[in-house]
Structure formats: structure tokens, C-alpha cells
Amino acid sequence: MTVSARDLATRLLDKAARRADAAEVIVQQSEQRSVRFQDNALKSVTTRALRGVGLRVIRQGRIGFSSTNDPAAFDTLIEQALHSASLGQEAKFEFPRNSDAPEVRLHDPAVTGLAMERAIAIMRQGIDGVLAAYPDAHCSGGISRSLGVTILCNSSGLFHEEESTSYDMGLSAFLVRGESFLWIDEEVGSCRLDEDIARLARMVVQKARLSEREVHPTAEKMPVVFTPRALDVLLATLEANVNGKTVQKGASVLAERLGERVLDERVTILDDPLVDFASGSYAVDAEGLPARTKPLFEKGVLRTFIYDLQTAGMCGVQPTANAQRGYSSQPHPGPGNIRLLPGQVPYREIISGISRGLIVDQLLGAGQSNVLQGAFAVNVELGFLVEKGEIVGRVKDTMLAGNAFDAFNNIRAISAETEWHGDTELPYVCFESLSVAGRGT
Amino acid sequence: MLDIIRRTVTWLAGVDYVEARVHRASGTHVNYVGKELEDVGETTSLGGCVRVLVNGAWGFCSFNDVEEMPRYAAMARDQARLIGGGTARLAPVPPRTGCDRIPPAEDPAAITLAEKEAICRRYNDLMRSLSHRIQTTSVRYSDAAGTLYFGNSEGALAQQEITFCGVSLLAIARDGANVQTARYSVGDLRGFQIVRGLEEQCEKVVRDAVEMLSAQPVTAGRYTVICDPLLAGVFAHEAFGHLSEADFIYEHERLKEIMTLGRRFGNDDLSIVDDATLPNEAGSYPFDSEGVPAQRTYLLREGRLVGRLHSRETAALMGESPTGNARAISYVHEPLVRMSNTFIEPRDVSFEQMLAETEDGIYAVGFLGGQTDMEMFSFSSEQAWRIRKGKLCERLRDVILTGNVFHTLKNIDRIGNDLRLYGGLGGCGKGGQSPLRVSDGGPHIRIRDVVVGGQQP
């Protein structure tokens with residue numbers, strides 16, 4: 001398959017380059033196999049064998065783009081890209097040449113070697129682990145593993161081929177108590193095989209135990225600990241505002257603040273695409289520039305925005321090798337892996353120091369407030385009330401509201417521990433005082 | 001295409017059931033963000049999938065290389081066998097045959113890309129020219145003409161052609177760190193004419209975004225809330241529709257009890273309907289991804305649960321009739337139980353009367369985003385006003401409604417007479433499949449005692 005994808009890319013590039021001033025071809029091909037469980041039973045085994053081609057051209061200084069996955073439509077693809085260029089945006093960049101790519105490992109042969117029979121056995125073990133503690137739980141989830149090949153080439157001579165694996169394993173439990181629903185889901189995802197479902201099952205059971213008692217906070221302000229997975233909700237604001245596209249459109253509230261301290265000085269956030277086997281890693285970005293690690297915020301100071309070629313060209317700055325894309329769309333800027341560096345305080349110590357506060361783990365309704373401005377107001381899907389340093393129960397019917405910038409300037413503690421979730425590595429962060437609204441009296 | 005489907009589904013032996021789909025689509029898009037035309041062009045796609053049932057268990061393959069369908073069918077069969085048995089079975093339906101087409105009045109394929117671009121540019125320029133407070137704008141247009149070819153081992157062999165088109169307008173106004181968004185989106189199966197003549201909507205979007213700059217942040221608390229038809233529709237879809245999707249409940253005894261037919265969920269005047277047969281709405285179709293004809297299904301009628309949405313599998317397992325709601329967003333995915341056009345039926349109260357009867361509350365209009373986990377919901381209105389003594393007063397911002405679905409349904413105490421359905425460029429997401437074209441709507445409704453998140457008093 002790899003050979004034919006390479007042939008396809010180079011043949012299309014040759015043809016397109018003859019008709020346009022410059023051209024770039026991206027071919028993405030993947031074979032994904034997955035097993036899916038629902039309500040404690042194996043539901044389906046699935047294969048997805050997909051391939052698509054995107055063609056970007058520059059003609060008379062303008063960008064054109066088209067995509068297809070219909071092999072019969074490859075000739076039309078060139079016509080469509082050229083037609084798009086007749087109306088398209090003025091190009092503010094040239095396609096890059098080959099350059100030395102940094103080393104980063106994205107391929108684990110154990111992933112493609114995983115037999116579906118074995119995947120089924122792993123999932124059964126995890127579900128059995130949850131059912132042993134909660135026989136009435138309805139567990140769902142699955143394992144999917146895939147092998148992907150991306151070929152990127154352009155008329156400046158760039159040719160990059162990358163083979164990567166990806167592995168995702170998820171386990172969720174759904175429990176009904178009266179008319180109260182409890183969803184707990186745990187997952188891992190990276191380029192590497194991870195058969196440790198027992199860990200996910202233990203986490204599900206532990207959270208279910210902590211949820212056995214329901215408590216109802218009133219409307220009050222209190223310290224709130226965000227677990228690494230919940231922290232995404234607040235980081236979305238920071239990521240959106242450092243995105244070069246947001247900056248270029250004049251919508252970033254951080255646009256004029258490079259070099260200024262905008263967050264608590266304990267906060268250092270890296271964009272790091274060079275972590276072996278992490279799901280946000282890449283050796284070259286989606287336009288062929290070599291990846292590099294950089295601080296977005298360093299000790300609270302805003303250090304850089306992230307760009308693809310066109311956005312950097314429009315802003316008159318250097319690109320940062322942050323182009324991302326699927327074959328069917330033009331590149332846009334995006335981070336690799338986001339890493340918030342750990343603090344000094346052990347997580348246990350943060351909790352034991354709280355006289356009355358919340359721990360939030362799963363949040364509902366993120367992204368519907370004004371994300372750029374920092375506003376957030378979310379329903380706590382899974383969260384726990386802490387009194388005198390101890391978890392006393394699961395909070396229900398509870399909203400959490402505030403502003404991400406205010407929160408990141410009002411930090412009580414950052415934990416010494418971090419956790420990877422997909423393309424983020426984050427600590428537990430305790431914010432000093434957030435608005436909590438519950439039905440309690 | 002129908003030929004390779006027929007050959008595959010009749011050739012594959014040793015299975016209880018096999019179905020194949022091929023989706024062919026082509027579409028154009030125009031995408032203005034700020035003053036730049038970010039993207040304009042045309043794309044095509046083609047792909048297929050085969051789903052196989054062996055001894056109550058499913059195997060599924062999706063692929064782009066449609067000529068290889070028989071090989072993938074055999075792979076799907078082997079995967080189904082790997083499971084070694086399951087509970088899945090299918091409610092009987094007559095095999096679908098023939099060709100259906102939902103024709104658009106004005107076919108987007110007959111309009112040049114240059115004209116589509118010019119219309120978007122005109123809307124974008126207009127929005128940008130109306131106020132110096134406008135930080136950025138966006139105009140997104142897209143159309144897609146899709147043909148679905150379907151066949152199964154029961155003799156179904158059918159095709160349907162559907163053309164979707166729509167445009168969304170967005171304006172972001174900014175004053176220092178205060179950034180406010182307003183938008184308008186239209187999208188359904190009616191045709192290109194719905195994209196024309198939206199100058200007034202451009203003006204309204206800009207006016208709304210700018211006026212929101214001076215809105216006051218809402219004070220957190222519990223309020224009586226009047227929802228406009230769009231937000232009422234979101235509530236019908238998010239807060240009740242998803243609970244009615246039978247794949248969520250069919251293997252869960254406790255949920256089956258909660259969702260027992262006949263149980264009361266709301267007041268006598270509350271009825272919620274899902275109807276894929278409405279002409280040319282965003283969520284309409286002749287038949288679903290299992291070849292089952294679209295139909296109208298009452299979910300709630302006069303406050304009581306009377307029906308739910310089914311695939312052939314969930315219908316068989318619950319002993320109910322299929323409703324034609326098994327939908328896949330493309331060839332890449334298996335069908336899931338999904339909604340189509342979901343709405344609250346109108347009653348006889350006018351908005352003016354509802355407002356006049358509301359001593360103290362919030363009028364919430366439009367929808368920025370939201371989520372539900374079936375029991376709890378959380379969604380934010382795009383605009384809002386404080387209601388005092390039956391009159392609309394100052395504008396509010398950051399209004400997020402949240403609560404428990406079951407309590408909230410019972411707290412709907414007024415249902416208006418002004419039903420509207422909203423499609424648009426967005427759609428519904430479930431099980432990794434998004435966006436699925438749907439519409440939802442309702443009349444104005446009033447809900448008592450809603451938790452509104454925001455600043456503490």
C-alpha cells in the first residue's frame with residue numbers, strides 16, 4: 001500500500017506542477033481495526049481502510065485547494081484546485097524545501113501486531129474488573145489500533161513520508177441510582193501499545209466509590225482543584241488566544257502582550273511536538289517544516305504565538321512549524337503536545353489543605369461560553385466535595401463559573417504529579433476561589 | 001454502484017445478514033474569515049462499507065476502494081465470526097427498492113463557484129462595513145450533493161439523492177477584553193434560494209453583537225426562563241431527544257423502567273415529535289442507512305412518553321416497530337440511532353401573552369453551544385434579556401442554562417403558538433459521528449425554576 005501511495009503522490013505532483021506555478025500534495029492512508037463493547041458485551045469488530053488526497057496549488061500568486069478519495073477523480077482534482085486558485089487567497093509563502101527533521105518516535109510495531117482476539121481479551125478483563133465491584137454497572141468502550149502513512153511532497157523538492165501507529169483504549173461505566181446517572185470514563189491514547197486496562201478499571205471503581213454519597217453545595221465561592229483531564233476546559237482559552245490565526249484576525253485578547261506576564265509566574269506551558277509516542281507529536285509539521293519545542297508561556301510570561309506558513313506570512317513573522325491538517329482541508333495552526341510543567345506540592349497535600357472546596361474531573365458544556373475572553377460556565381458532570389481535607393461525596397446539579405485568565409492568576413497550588421491524556425501532559429491545579437452554584441440550601 | 005452492491009450481498013455466504021452502502025458526494029464551499037477568503041473550492045468523495053451479521057454479532061468494514069467491496073465483505077464476515085455470537089437481530093421491514101430524490105428548488109450545482117463567492121463576499125463586506133466595533137466576521141457557505149446506494153441480503157437495492165446547502169453568518173464585536181459573538185445560520189434541502197437575500201440578517205447579526213457589548217453579566221441563580229423557538233428546539237433535541245434514542249436504553253433494565261411508555265414527563269400540553277418526512281428540512285430523508293423509510297414518531301404526547309427512536313436492531317430487541325432512525329454520517333461509520341427533525345408541538349399562547357404573564361425572569365434567545373449527559377444538560381443562549389413586570393428590560397450576557405432533564409421538562413408551564421424549525425450548517429454529534437444534518441425547533445416555551453450559571457450575587 002505504501003508504494004502505491006508514494007506513486008500516487010509523485011504522479012499527481014508532477015501533473016499539477018506542470019499546470020500551476022507551485023504545487024503540494026498530501027496523501028493520507030490508514031488502516032484502523034477496532035473492537036467495541038457496549039453494555040458489557042462485545043458489540044462489533046471493525047476495520048476502516050481509508051485513503052485521501054489533498055492538492056494545494058499556487059497560480060498567479062493565489063492559493064487553490066481541492067481534495068478527493070475517488071481514484072477516478074484525480075484528473076478533475078487538478079482542474080478543481082486550479083479553479084479554486086482563480087478565486088483564492090493571495091499566497092504569502094513559498095512551499096518549503098527538504099530540511100533535516102528531528103528524531104521523534106511515532107511507530108510502535110507492537111500496536112499493529114495486536115491481534116483482535118487479544119484486544120477482546122483485554123477489554124473483557126477491564127469490564128470484569130469493574131463488574132466485580134459494581135455488578136449493575138453497564139460498561140462500554142473499546143480498543144482501536146491503526147497504522148497511518150502520510151506522504152507530503154511539493155514542487156520545491158520536499159518529500160516527506162511518515163509511518164505512525166496509534167492506539168486508543170477506553171473503558172466507561174454507567175450507573176443509575178434512583179434517577180441519578182453516573183458516567184465515568186477513562187481512556188488512554190498514544191502511538192504505543194498499552195495493555196494495562198486494570199489501571200483504567202481501578203480508576204473507574206475508585207471514582208464510583210467516591211460517588212456513592214451525593215452532596216449538594218450551595219451558591220458559594222471555594223477553592224477548586226482541576227484534575228489533568230478537566231484542566232483542558234481552561235487551557236482551551238489559552239490555546240485559542242495564542243493561535244496565530246486568532247491573532248491574525250485581531251481576535252486574540254493576548255495580541256499585544258508578547259513578553260508580558262499574563263499568568264501566575266508558576267505557570268510554564270510548552271508546545272512540545274517532540275515527545276516520543278505522544279499522540280500530538282510530529283517530526284515535520286503538515287507543511288514539511290521541522291518540528292520544535294517552545295514555551296508558549298514561561299513563568300507566566302507570554303512567549304510566542306503559533307503559526308502555519310500562510311498565517312505567518314500574513315502577520316509578517318517566521319512560521320513556527322505548527323501547521324496541522326487532514327488531507328481534505330488546508331493547513332491551520334495548532335499545537336503539538338501541550339505540557340503544563342509540574343509544581344512542587346504533592347497532590348495529597350493540596351487536598352488535605354482544603355477546608356471546603358471541590359475537585360472537578362468531568363465537565364459538561366465546555367466551550368459554549370466566550371472562550372477567547374476566558375469565560376467558562378460548566379456543569380460538573382463528575383466532581384467531589386472536599387471538607388477538612390477529605391472527599392465527602394459527589395456533587396450533583398452543580399455549576400462552576402469563572403474566567404480562565406483570572407483563575408490562572410489566582411492559583412493556590414500546582415501539583416508535583418502530572419498525567420498524560422492524549423496530547424496533553426498536565427498537573428492537578430488548585431485555583432483559589434471560583435463560583436460554585438448548586439441546589440443545596 | 002448498485003451492481004457491485006448486488007454482487008457482494010448475494011455472493012457472501014455463511015452470514016445471517018449483510019448490507020452494503022456506497023456514498024458518492026461532491027460539494028463546494030466558500031469560507032470568509034475577517035477580510036480574507038480563507039478557502040474556496042470543490043471537493044469530491046467516494047467510499048463504501050459493508051456490515052455483516054453472524055450469529056447475533058456484527059462485523060463492519062469501511063473503505064475507499066469500492067471495487068474491492070467483496071474482499072472487505074469477507075473481512076467483515078470474519079470479524080463477525082471472531083465475536084462468537086451475540087444478541088443482535090433485526091426487526092423485519094420490506095426490502096427497499098427504487099430511486100428517491102429530494103430535488104432542491106434552485107440547484108446549487110447550477111450556480112458557478114464565482115457567484116457563490118460573490119454572494120459570500122457581499123455579505124462579509126456588508127457586515128464589516130456596519131460598525132467599527134466589529135472585530136471580525138465570518139461567512140461560510142457549503143453545499144453537498146450526495147448519492148447513497150444501499151443494498152442488503154433481503155433483496156433491498158435502492159438509491160437516494162439529497163442536496164444540502166446553507167450559509168452561516170457570524171460577527172464578533174469587541175471592546176477591550178469584552179468580546180461578543182452573534183450569528184445566523186441557515187441550511188436545509190430547499191435549495192440555493194435560501195442563501196440569497198440575507199442582507200437583513202447580516203445587519204441583525206452585527207447589531208446583536210454590538211449591543212451585546214453593553215449587556216450585563218447575568219447574576220447566577222434560579223429563574224423563570226422564556227426560550228425562543230431555536231433554544232426550545234435545542235432543549236427538545238438535547239435534553240429529551242437523546243434519551244429517546246433506543247440504543248441508549250435497550251440493554252439497560254433500570255433505564256427501561258425510567259423510560260417506560262406511558263410514563264408522565266411533562267404537563268398535558270407538552271408533545272415532542274421526531275419527523276424525517278417533513279419536506280426539505282435539514283434532517284429529512286426518504287430512507288435511513290438501513291433502508292427503512294422515514295416516518296413521523298411522537299416521543300412525548302400530552303406529557304406522556306409514547307414512543308422512541310429505533311434502528312432495526314433496537315426495535316427487534318425491545319419488541320417495538322422500527323422508526324427509520326438508523327443513520328450514519330458517511331460510509332466510514334456504522335449506523336446509530338439518531339434524530340431527524342425534532343420539535344415541540346405548538347399550542348395557543350402567543351409570545352406577547354407569555355411575556356406579559358412573566359413577572360420576573362430571563363428571555364433567552366439563540367444557542368451558542370451545549371451538552372447533555374442525558375440526565376444533566378447545560379446550554380448557553382446567544383442573547384438574553386431580563387424580564388421585569390412582563391416587559392423586556394436590559395440585555396444580559398453569559399447566560400448558561402443548566403439542570404436536570406426530568407425536573408426541567410416538568411417545569412415547562414407555557415407553550416407558544418409560533419413553531420419554527422432550524423437546520424443550519426452545524427449538526428448533531430454522537431458516538432464519534434459529527435456533524436449529522438438535523439433540524440430542531442419549537443414555539444416559544446416558558447420554564448420555571450431553571451439554574452442559570454454566572455457571577456455570584
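Residues numbered from 1 in each chain as written. Chains lettered and ligands numbered in written order. Predicted model: local features only at pLDDT ≥ 70, side-chain atom pairs only at ≥ 80, totals over all residues. Heavy atoms only, no water.

**Student:** Let's hear about the overall build of chain B: which residues, and what values?
**Tutor:** The secondary structure content of chain B amounts to 9 helices and 27 strands. Computed over C-alpha atoms, the radius of gyration of chain B comes to 23 Å, within 12% of the 23 Å expected from 2.2 N^0.38 for 457 residues, which places it in the range of a compact globule. With the C-alpha coordinates aligned to their principal axes, the bounding extent of chain B is approximately 70 × 55 × 35 Å. Residue pairs at least 24 apart in sequence account for 74% of intrachain contacts in chain B once pairs closer than 6 positions are excluded. Side chains of chain B give 50 positive and 60 negative charges; the mean places of these two sets differ by 2 Å. (Helix = DSSP H or I, 4+ residues; strand = E, 2+ residues; numbered from the N terminus. Rg over C-alpha atoms; globule rule 2.2 N^0.38 Å. Contact = heavy atoms within 4.5 Å. Lys, Arg positive; Asp, Glu negative; His and termini not counted. Charge placed at Lys NZ, Arg CZ, Asp CG, Glu CD.)

**Student:** Run through the overall build of chain A, naming residues and quoting values.
**Tutor:** For chain A, the count of helices and strands is 10 helices and 20 strands. Taken over C-alpha atoms, the radius of gyration comes to 24 Å for chain A, in line with the 22 Å a tight globule of 441 residues would show. Its C-alpha atoms give chain A principal-axis dimensions of roughly 70 × 55 × 35 Å. Counting only contacts in chain A whose residues sit at least 6 apart along the sequence, the fraction spanning at least 24 positions is 72%. Summing over all exposed atoms, chain A offers an accessible surface of approximately 16400 Å²; the carbon and sulfur share of this is 47%. The averaged location of the 56 negative side-chain charges in chain A is 2 Å from the averaged location of its 46 positive side-chain charges. (Areas by Shrake-Rupley, 256 points an atom, 1.4 Å probe, with all protein chains shown as cover.)

**Student:** Mind laying out the sheet that holds strand S10 (residues 272-275) of chain B, listing which residues take part and the relevant values?
**Tutor:** Residue and element names in this part refer to chain B. Spatially, S12-S11-S10-S15-S26-S23 is the arrangement adopted by the 6 strands of the open sheet, whose pairing is mixed. The sheet is open, and its two edges are formed by strand S12 (304-305) and strand S23 (420-422), each paired on a single side. Strand direction decides the pairing type here: S23 and strand S26 (residues 439-442), joined by 3 bridges, are antiparallel. The residue bridging leucine 421 from the neighbouring strand is glycine 441, located in S26. The strands touched by helix H5 (residues 229-241) are S10, strand S11 (296-301), S12, strand S15 (341-344), S23 and S26; relative to S26, the strand with the most contacts, the crossing angle is about 120 degrees. (Pairing = 2+ DSSP bridges. Axes fitted to C-alpha atoms, helices over the stretch in contact; angles between N-to-C directions.)

**Student:** Run through the interface of chain A and chain B, naming residues and quoting values.
**Tutor:** Between chain A and chain B, the residue contacts involve 69 residues of the former and 76 residues of the latter. The interface formed by chain A and chain B holds 6 salt bridges in total. One salt bridge connects glutamate 36 of chain B with lysine 249 of chain A, and the closest N-O pair in it is separated by 2.5 Å. Seen at the junction of chain A and chain B, the total is 34 residue pairs in polar contact (both at pLDDT 80 or more). Class assignment for the residues of the side of chain A that touches chain B results in 25 nonpolar, 27 polar and 17 charged. Inspection of the sheet shows strand S2 (residues 41-59) of chain A paired to strand S3 (residues 57-63) of chain B by 6 bridges, in the parallel sense. By the bridge assignment, threonine 47 of chain A is partnered in S3 of chain B with cysteine 61 of chain B. (Salt bridge = Lys/Arg side-chain N within 4 Å of Asp/Glu carboxyl O. Polar contact = N/O pair within 3.5 Å; in protein donor to acceptor, adjacent residues only side chain to side chain. Nonpolar A, V, L, I, M, F, W, Y, C, P; charged D, E, K, R; others polar.)

**Student:** Residue-level account of the environment of phenylalanine 406 of chain B, with values.
**Tutor:** If you trace the backbone, phenylalanine 406 of chain B turns up in helix H9 (residues 405-410). For phenylalanine 406 of chain B, a relative accessible area of 4% translates into the label buried. For the pair phenylalanine 406 of chain B and valine 186 of chain B, spaced 220 residues apart in the sequence, the C-alpha separation amounts to 31 Å. The residues contacting phenylalanine 406 of chain B, other than those within four sequence positions of it, are Glu179 and Phe181 of chain A together with Leu243, Ile258, Phe265 and Glu375 of chain B. (Buried < 20%, exposed > 50% of the residue type's maximum accessible area, 1.4 Å probe, protein only.)

**Student:** Residue-level account of the packing of helix H1 (residues 2-11) of chain B against helix H2 (residues 69-83) of chain B, with values.
**Tutor:** All names here are of chain B. With their axes 9 Å apart at the nearest point, H1 and H2 run at an angle of 35 degrees to one another. Where H1 crosses over H2, the handedness of that crossing is right-handed. Of the residues in H2, those in contact with Ile4, Ile5, Thr8 and Trp11 of H1 are Met69, Pro70, Ala73 and Ala74. Taken together, the residues of the contact of H1 with H2 break down into 7 nonpolar, 1 polar and no charged. (Left-handed = near helix turned anticlockwise from the far one by under 90°.)

**Student:** So what about H1 of chain B? Which residues, and what values?
**Tutor:** All names here are of chain B. When H1 is considered as a whole, its buried residues turn out to be Ile4, Ile5, Thr8 and Val9. Viewed along the axis of H1, the buried residues span an arc of 120 degrees, placing them on a single side of the element. The inward-facing, buried residues of H1 abut strand S1 (17-33), H2, strand S5 (134-152) and strand S6 (157-175). (Arc of directions from axis to C-beta.)

**Student:** Which residues make up the confidence of the model for chain B, and what values go with them?
**Tutor:** Confidence along chain B averages 94 in pLDDT terms, with 99% of residues attaining 70 or more. Confidence estimates for the predicted assembly give a pTM of 0.92 and an ipTM of 0.91. (pLDDT = per-residue confidence, 0-100.)

**Student:** Quick rundown of the pairing of strand S27 (residues 445-453) of chain B? Include the residues and the values.
**Tutor:** All names here are of chain B. Where burial is concerned, most of S27 is hidden: 7 out of the 9 residues are buried. In the sheet, strand S9 (residues 221-227) pairs with S27 via 6 bridges, with the strands oriented antiparallel. Each bridged residue has a counterpart across the sheet, and for valine 225 the counterpart in S27 is isoleucine 447. Where strand S21 (residues 400-404) lies against S27, 3 bridges are found, and the strand directions are antiparallel. Residue threonine 402 lies in a different strand from S27, and its bridge partner there is valine 451. Pairing analysis gives 3 bridges linking strand S22 (residues 412-415) to S27, with the strands arranged antiparallel. Residue pairing in the sheet places arginine 414 in a bridge with arginine 446 of S27.

**Student:** Describe the pattern of salt bridges, listing the residues and the values that go with them.
**Tutor:** Residue and element names in this part refer to chain A. The final tally for this structure, using the stated rule, is 69 salt bridges over all chains. A salt bridge links glutamate 90 to lysine 92; its shortest N-O distance comes to 3.7 Å. With a relative accessible area of 49%, glutamate 90 lands in the partly exposed category. Judged by its relative accessible area of 41%, lysine 92 falls in the partly exposed class. Each of Asp185, Glu186, Lys207, Arg229 and Asp361 takes part in one network of salt bridges that share partners.

**Student:** Got a sec to walk through the packing of aromatic side chains? Specific residues and values, please.
**Tutor:** As enumerated under the stated definition, the model contains 23 aromatic pairs over all chains in all. With centroids separated by 4.2 Å and ring planes inclined at 25 degrees, the aromatic side chains of phenylalanine 174 of chain A and tryptophan 183 of chain A adopt a geometry described as stacked. Pairwise contacts between aromatic rings join Phe174, Phe181 and Trp183 of chain A together with Phe240, Phe248, Phe265 and Phe406 of chain B into one cluster. It is arginine 51 of chain B that lies over the ring of tryptophan 58 of chain B; its NZ or CZ is 3.8 Å from the centre. (Phe/Tyr/Trp six-rings, centres within 6.5 Å; stacked < 30°, edge-to-face > 60°. Lys NZ or Arg CZ within 6 Å of the ring centre and 35° of its normal.)

**Student:** Go over unusual backbone geometry, please, and point to the residues and values.
**Tutor:** Proline 435 of chain B follows serine 434 of chain B through a cis peptide bond whose omega is -5 degrees. By secondary structure assignment, the location of proline 435 of chain B is in strand S25 (residues 433-436). Non-glycine residue asparagine 40 of chain A carries a positive phi angle of around 70 degrees.

**Student:** Account for the side chain of asparagine 325 of chain B, with residues named and values stated.
**Tutor:** Residue and element names in this part refer to chain B. In this fold, asparagine 325 is placed in the loop between helix H7 (312-318) and strand S13 (326-327). On the basis of relative accessible area, asparagine 325 is assigned to the buried category, the value being 1%. Here the side chain of asparagine 325 touches aspartate 274 through a polar contact of 3.1 Å, side chain to side chain. Side-chain polar atoms of asparagine 325 contact the side chain of threonine 323, separated by 2.7 Å. The residues contacting asparagine 325, other than those within four sequence positions of it, are Asp274, Tyr285, Asp288, Leu309, His310, Leu336, Val337, Arg338, Met339 and Ser340.

**Student:** Go over the state of the cysteines, please, and point to the residues and values.
**Tutor:** Residues and elements named next belong to chain B. Within the structure shown, the criterion is met by 0 disulfides over all chains. Of the cysteine sulfurs around cysteine 227, a residue in no disulfide, the closest is that of cysteine 393, at 18 Å. According to the relative accessible area criterion, cysteine 227 is buried, its value standing at 2%. Among the residues examined, cysteine 393 registers a relative accessible area of 30% and is labelled partly exposed. (Disulfide = S-S within 2.5 Å.)

**Student:** I'd love a proper account of the environment of lysine 396 of chain A, names of residues and values included.
**Tutor:** Topologically, lysine 396 of chain A is positioned in the loop between strand S17 (390-395) and strand S18 (399-403). Residues contacting lysine 396 of chain A, with those up to four places away along its chain left out, are Ser180, Phe181, Glu214, Val215 and His216 of chain A together with Glu375 and Met376 of chain B. Among the polar contacts listed, one links the side chain of lysine 396 of chain A to the side chain of glutamate 375 of chain B, at a separation of 2.7 Å.

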